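For reference, the chains in residue letters:
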Amino acid sequence: MEEGKRLSRWRGWDLVERALLGLTFGCFVLTAALIAAVGLKALLETAAPQTVAVCLTLPCLLLAGVAALCRRTRQDAGRRFGLPLFLGTLVLKGAFVILTDTQPVSDFKMLYETAQWLAEGPVPLTALEYFVRWPYQSWFVAYMAGLMELFGADVLFFKLVNALASALTGVLVYALARRFASEGGARGAALLYACYPGTWLLVPVLTNQHLSELLLLLALWLYTAPAAGKRRLALAGAAGAALALGNAFRPVAAVALAAAGCLLVLEILRERREGWRAVGTALTRFFLLAAAYAVLMWGFGQAVRLSGLNAYGLGSSCPEWKFVCGLNEETCGGYSKKDAQQVFGGGDPRAEARKLIVQRLSVPPDRLAKLAWDKIEKLWGRCETLEWTVTENVAEALDRSGIPGGAEQVVRMVQRASSGCYVWCFLLAAGGAAALRSGARSWEAAQLLALASLAYFGVHLFIEVQVRYRLL
């Protein structure tokens, strides 16, 4: 009788685990399908029906070609694909940044010029109000300044580094997909990522996204590596280190940590069958990930302070600012000069920001729901933003090239082609998640990717949105 009770209890926990897994992948499927739907809606609203048909058909033909190319591949043939994928992507994207004479504008220009100033001699960044408000940008500026001192790096140098980071990211897409998909499926995903125009458009832009996203994916790859014993624990610590370094460039590690925390719950439910020792290993892995991340982030912040670079370290003078922007109905979750003046115009910025947040959260629920929907359409549905890539000098060159319609027509064509491809990306993501079955070679890699994606989607319902943020 006792044995029957014990088996019944195990079955109960099995049902809980299955329910949570179903919820995770069900939410991912719905989210990916929603993104595809808002992308299609935006495309239909901005282009003629025949243009929409072309924008959807051409990526479909590309996908069919990729599928045919990747269909018959041996599962152990990965090493013969990873290197050509990396070299091919690097050469093509390197050529693209050389041919596209994009110049830094807006904040990118300011950060680059600050790095030039810093490279000439050690100076405190707090001399500029920008770095008092946003100290976390100090690491990226110091990185650029260091490369300028060591190699005489210029704009083209940093563009080529972006191309390198993008090529390595493509390899990680492939490496992660191989853990739960077939060899052909993983190759298809990597080639689709490499071909998608959105992965090209920000390569010539001096943004901190490329290195941050590469390191975040590296952390996910390390954390889900199939290993056992001490090596598995060491990889968790290494993942925390990669996450911290990526977060120093751009603070997005919170979504990966949140995903790993949710994965821990699933791991405990799964590992309980093996006893408390296995549960303890799962807890230790997560602790090592979080501890390595926290210790290194603290160390990076202290290094920035002690070096005299920025007395405020790598934090933010007003962490609430992202929520102030994200809850702004007038700008649909975007930046507002009016908000900036109210928050940073005098007094306590955090107190002012909290007042605005409370005020904006106190509106009727239907308005909050409308804002969330508008932000989904803005971030995930709109065409790719080319203003950072097709800068004034690039637009003038396109106008002089003799292309019918000049820069305006090129921008329109690229945006619509990107939208068509984007719709297919997320339809395939939804279908792929729906088709997954437990027991894959590294089932937890699929879970962690789904959880991190959901966390990234969810947090942007509340914080500032820009179209370029969707690259991750």
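The structure we're discussing is the one just above.
Remember, it's a predicted structure, so these values are computed and weren't measured experimentally.

### So, the overall build of the chain
In terms of helices and strands, the chain carries 20 helices and zero strands. For 472 residues, the compact-globule estimate of 2.2 N^0.38 gives 23 Å, and the C-alpha radius of gyration of the chain, at 23 Å, lies within 12% of that figure. The C-alpha extent of the chain, read off along each of the three principal axes, is 80 × 55 × 55 Å. For the chain, the proportion of its 472 residues judged to be buried stands at 49%. When contacts within the chain are restricted to residue pairs at least 6 apart in sequence, long-range pairs at least 24 apart make up 80% of them. Accessible surface, the chain as shown: approximately 22,700 Å² in total, 65% of it carbon and sulfur.

### Description of the environment of Arg350
Within the secondary structure, Arg350 is located in helix α16 (residues 349-361). The partly exposed category is assigned to Arg350, whose relative accessible area is 33%. It is 8.0 Å that separates the C-alpha atoms of Arg350 and Trp321, two residues lying 29 residues apart in sequence. Discounting residues that sit within four places of it in the chain, Arg350 has contacts with Ser317, Cys318, Pro319 and Glu320.

### Here we look at the state of the cysteines
Covalent bonding between the sulfur atoms of two cysteines is what defines a disulfide. Tallying each qualifying case throughout the model produces zero disulfides. Counting only cysteine sulfurs, Cys325 is the nearest neighbor of Cys332, a cysteine outside any disulfide, at a range of 12 Å. Classification of Cys332 as buried rests on a relative accessible area of 15%. Left unpaired, Cys421 is separated from the closest cysteine sulfur, that of Cys425, by 4.4 Å. Overall, the relative accessible area of 5% leaves Cys421 in the buried class.

### Structural notes on the pattern of salt bridges
Summed over the entire model, instances satisfying the criterion amount to 18 salt bridges. A salt bridge links Glu45 to Lys41, with the shortest nitrogen-to-oxygen separation between them at 3.0 Å. Taken as a pair, Glu45 and Lys41 lie in helix α1 (residues 2-46) at a separation of four residues, close to a single helical turn. Judged by its relative accessible area of 34%, Lys41 is partly exposed. Overlapping salt bridges, with partners in common, bring together Arg232, Glu267, Arg285 and Glu444 in one network.

### Section: a nonpolar patch on the surface
Taken together, the side chains of Val54, Leu58 and Leu61 make up a nonpolar region of the molecular surface, amounting to roughly 300 Å² of accessible area. Secondary-structure assignment places Leu58 in helix α2 (residues 49-70). Looking at Leu58, the relative accessible area reads 54%, which means it is exposed.

### Some remarks on the packing of helix α6 (residues 138-151) against helix α11 (residues 229-249)
Interaxial distance between α6 and α11 falls to 6 Å at its minimum, and their mutual angle equals 90°. What the angle tells us is that α6 and α11 run roughly perpendicular. Touching Trp139, Phe140 and Tyr143 of α6 are Leu245, Ala248 and Phe249, all from α11. Of the residues that constitute the contact of α6 with α11, the class distribution is six nonpolar, no polar and no charged.

### Looking at the packing of helix α18 (residues 392-400) against helix α19 (residues 406-435)
When two helices pack together, you describe them by how their axes are tilted relative to each other and by the distance separating the axes. Between α18 and α19, the least distance of the axes is 7 Å, while the angle of their chain directions is 105°. Here α18 is positioned roughly perpendicular relative to α19, judged by the angle of their axes. Here Ala395, Leu398 and Asp399 of α18 come into contact with α19, specifically with Gly406, Ala407 and Val410. The class makeup of the residues in the contact of α18 with α19 is four nonpolar, one polar and one charged.

### Describing the nonpolar core
Counting 103 residues, the largest nonpolar core has Tyr143, Phe158, Trp321 and Trp380 as its most contacted members. Sort the elements by how many residues they give to this core and helix α10 (residues 209-223) lands first, with nine residues. Sequence-distant contacts of Trp380, defined by excluding residues within four places in its chain, comprise Ile35, Val38, Gly39, Lys375, Tyr422, Tyr456, Phe457 and Arg470.

### A look at the packing of aromatic side chains
Within the structure shown, the criterion is met by 19 aromatic pairs. Taking the centre distance of 5.4 Å and the plane angle of 85° together, the rings of Trp134 and Phe344 count as edge-to-face. Of this pair, Trp134 sits in the loop between α5 (129-133) and α6 while Phe344 sits in helix α15 (residues 337-344); the two residues are 210 residues apart in sequence, bridging distant segments of the chain. The class of Trp134 is buried, set by a relative accessible area of 11%. The buried category is assigned to Phe344, whose relative accessible area is 14%. Grouped by ring-pair contacts, the aromatic residues Tyr112, Phe140, Tyr143, Phe151, Phe157, Phe158 and Phe249 constitute a single cluster. Its guanidinium or amino end placed over the ring of Tyr469, Arg250 lies 4.8 Å from that ring's centre, counting from NZ or CZ. Cation over ring: Arg285 sits above Tyr223, and NZ or CZ is 4.1 Å from the ring centre.

### Things to note about the side chain of Lys378
Summarising the element assignment, Lys378 is placed in helix α17 (residues 365-381). An unpaired buried charge is present at Lys378: no salt bridge exists, and Glu464, the closest side chain of opposite charge, is 7.4 Å distant. Residues in contact with Lys378, not counting those within four places in the same chain, are Thr331, Cys332, Gly333, Gly334, Val465 and Val467.

### Here we look at unusual backbone geometry
One non-glycine residue, Ser106, lies in the positive phi region at around 55°. By the secondary structure assignment, Ser106 is in helix α4 (residues 106-119). Look at Ser106 and you get partly exposed, because its relative accessible area is 47%. At Cys332, a position not held by glycine, the phi torsion is positive, near 55°.

### Describing α15
Inspection of α15 places Asp339, Ala340, Val343 and Phe344 among the buried residues, and these make up the whole buried set. Projection of α15 onto a plane perpendicular to its axis shows the buried side chains occupying an angular sector of 100°, all on one side. Across α15 from its buried face, at more than 90 degrees, point the exposed residues Lys337, Lys338 and Gln341. In this structure, the buried side of α15 is in contact with α5, α14 (321-326) and α16. The backbone nitrogen of Lys338 has a side-chain oxygen 3.3 Å away, supplied by the residue at the start of α15, namely Ser336. Directly after α15, the chain includes Gly346, whose backbone phi takes a positive value near 160°.

Parameters and conventions
- Residues numbered from 1 in each chain as written.
- Predicted model: local features only at pLDDT ≥ 70, side-chain atom pairs only at ≥ 80, totals over all residues.
- Heavy atoms only, no water.
- Helix = DSSP H or I, 4+ residues; strand = E, 2+ residues; numbered from the N terminus.
- Rg over C-alpha atoms; globule rule 2.2 N^0.38 Å.
- Buried < 20%, exposed > 50% of the residue type's maximum accessible area, 1.4 Å probe, protein only.
- Contact = heavy atoms within 4.5 Å.
- Areas by Shrake-Rupley, 256 points an atom, 1.4 Å probe, with all protein chains shown as cover.
- Disulfide = S-S within 2.5 Å.
- Salt bridge = Lys/Arg side-chain N within 4 Å of Asp/Glu carboxyl O.
- Patch = residues over 30% accessible without salt bridge, like charges linked within 9 Å, V, L, I, M, F, W, Y side chains within 5 Å.
- Axes fitted to C-alpha atoms, helices over the stretch in contact; angles between N-to-C directions.
- Parallel < 35°, antiparallel > 145°, perpendicular 65-115°, else oblique.
- Nonpolar A, V, L, I, M, F, W, Y, C, P; charged D, E, K, R; others polar.
- Core = buried A, V, L, I, M, F, W, Y, C linked by side-chain atoms within 4.5 Å.
- Phe/Tyr/Trp six-rings, centres within 6.5 Å; stacked < 30°, edge-to-face > 60°.
- Lys NZ or Arg CZ within 6 Å of the ring centre and 35° of its normal.
- Lys, Arg positive; Asp, Glu negative; His and termini not counted.
- Arc of directions from axis to C-beta.
- Polar contact = N/O pair within 3.5 Å; in protein donor to acceptor, adjacent residues only side chain to side chain.

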